[in-house]
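Coordinate analysis (summary)
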Amino acid sequence: FPLHPSPTESTMTQSLSAHPPPATASLLAPAGIFLLVLTFLPFVYTLPYYVNMILQASTIVFLGSHLSIPGKQTNQETGEEEDKPPLEQMTKEDVMKFPIYGSCVLFGMYCLFKFYKDLANLLLGLYFTGLGVLALAGLLSPFFQPFLPRQSWLSKMRENNIPLVGQISWNGIDLISIVLCSGVGYVYYTSHHWCANNLFGLSFSIRGIEMLSLGSFVNGAILLSGLFFYDIFWVFGTDVMVTVAKSFQAPIKLVFPRDWDAPKEQQFSMLGLGDIVIPGLFIALMLRWDVSRATAAGREVGEKVKVYFYTNFIAYGLGLVTTVVFMVWFKAAQPALLYLVPACLGAALLTSLVRGELSLLIAWKEEEPKKEEEGKVEAEKKVD
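What counts, and where the lines are drawn
Residues numbered from 1 in each chain as written. Predicted model: local features only at pLDDT ≥ 70, side-chain atom pairs only at ≥ 80, totals over all residues. Heavy atoms only, no water. Buried < 20%, exposed > 50% of the residue type's maximum accessible area, 1.4 Å probe, protein only. Helix = DSSP H or I, 4+ residues; strand = E, 2+ residues; numbered from the N terminus. Pairing = 2+ DSSP bridges. pLDDT = per-residue confidence, 0-100. Contact = heavy atoms within 4.5 Å. Polar contact = N/O pair within 3.5 Å; in protein donor to acceptor, adjacent residues only side chain to side chain. Patch = residues over 30% accessible without salt bridge, like charges linked within 9 Å, V, L, I, M, F, W, Y side chains within 5 Å. Areas by Shrake-Rupley, 256 points an atom, 1.4 Å probe, with all protein chains shown as cover. Salt bridge = Lys/Arg side-chain N within 4 Å of Asp/Glu carboxyl O. Core = buried A, V, L, I, M, F, W, Y, C linked by side-chain atoms within 4.5 Å.

**Quick word on the pairing of strand β9 (residues 268–272)**
Alternating residues of β9 divide into S269 and L271, all buried, and F268, M270 and G272, none buried. With 5 bridges connecting them, strand β8 (residues 253–257) and β9 associate as antiparallel partners. Paired with F256 across the two strands is S269, which belongs to β9.

**Some remarks on the confidence of the model for the protein**
Overall, the prediction assigns the protein a mean pLDDT of 82, with 82% of residues at 70 or greater. Note that pLDDT drops below 50 for residues 375–379; the model gives that stretch 1 contact with residues more than four away or on any other chain.

**Notes on the side chain of T351**
Mapped onto the secondary structure, T351 falls in helix α11 (residues 337–354). A polar contact is formed between the side chain of T351 and the side chain of T311, at a distance of 3.3 Å. Non-local contacts of T351, meaning those with residues more than four positions away in its chain, are made with V307, Y308 and T311.

**Details of a nonpolar patch on the surface**
Judged by side-chain polarity, L112, F115, Y116, L119, L122 and L123 come together as a nonpolar surface patch covering roughly 660 Å² of accessible area. Following the sequence through the fold, Y116 ends up in helix α3 (residues 92–144). For Y116, a relative accessible area of 52% gives the class exposed.

**Quick notes on the nonpolar core**
In this structure, F282 and Y316 are the most contacted members of the largest nonpolar core, which totals 85 residues. Looking at this core element by element, the count peaks at 13 residues for helix α9 (residues 274–296). Not counting residues up to four positions away in its chain, the partners in contact with F282 are L214, F217, G220, A221, L224, N312, C344, L345 and A348.

**A word on the pattern of salt bridges**
Evaluated as defined, the whole model comprises 5 salt bridges. Its salt-bridge partner being R355, residue E357 comes within 3.2 Å of it at the nearest N-O pair. One continuous salt-bridge network, built from bridges that share partners, spans R293, R355 and E357.

Quick look at the structure:
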């Protein structure tokens, strides 16, 4: 879970000091503050849980999508601006296998919790708590940077390989952020407090949407369609999904206070991170489609060019509303992707049909990141 990938690395993360185009960057601070207010608001006032759920999920998708836009970043070691590293891109084979692998992991966890629930929560909880600390530190590090002295030991990049995590690049600012965020990790691991859970959950979601790419509209359609049936089967066809979600004490879901006076098991409602990240990846792809078309036409990347993004973003919000309506109506858990997938895919297809751009949308692919070996070969050819 690298904090700072080098420009040639194909990794899951981007630099913490990345910044999108100016017209877009001005939206991120208000959205971030709004998300923090929603996160801590239940301490003083409890919003209807469905309102908080819809607003938080939508804001996370908005932030992650805009942070995924190609742009510049400040190299913390040299202070110079450079291109952001490419996103980790999923292939068609990846998206086709995803529902199968997901099903295997889900059923495996179901069996694990059936027989070794306490041990599973102990080990997996520790692992996800560590990842949560890294993800939260990645989000907060840029906010700590202005308050720290400009010292070489703070900005110098270092690399280490951590078991079960992988290769990470970090500096002193990251280390300070991790130490501070470890307090949240301690609170979460010892008490599983809902607020600490949500801080880790929103960090996972934003970073995931920011750093992963579906690569093309076709890949996105395949993934969403596969997970559409995946969600229906595991929620309606079995008790596996609901059992794992309720048994797994790890920040893989957001929880929303609904009634402090109710019995403990009825005090919260939850939304799985997959119901945020999976549609969020598709919506972020549509935003980058808007940006790529505007850039190719020499137009400024402002709000007027984000046609596909806003139609999909609104459709996502309506899909969440529909999910809540049916959840309240039937008084039972609902597979959110049952409503979110048709909303997002339908919005993209309808928009492209109205604009006469269906063939362009289907044919569009994001540029694949060059592998380090390919870059070396090209460099050698130039030298020759």
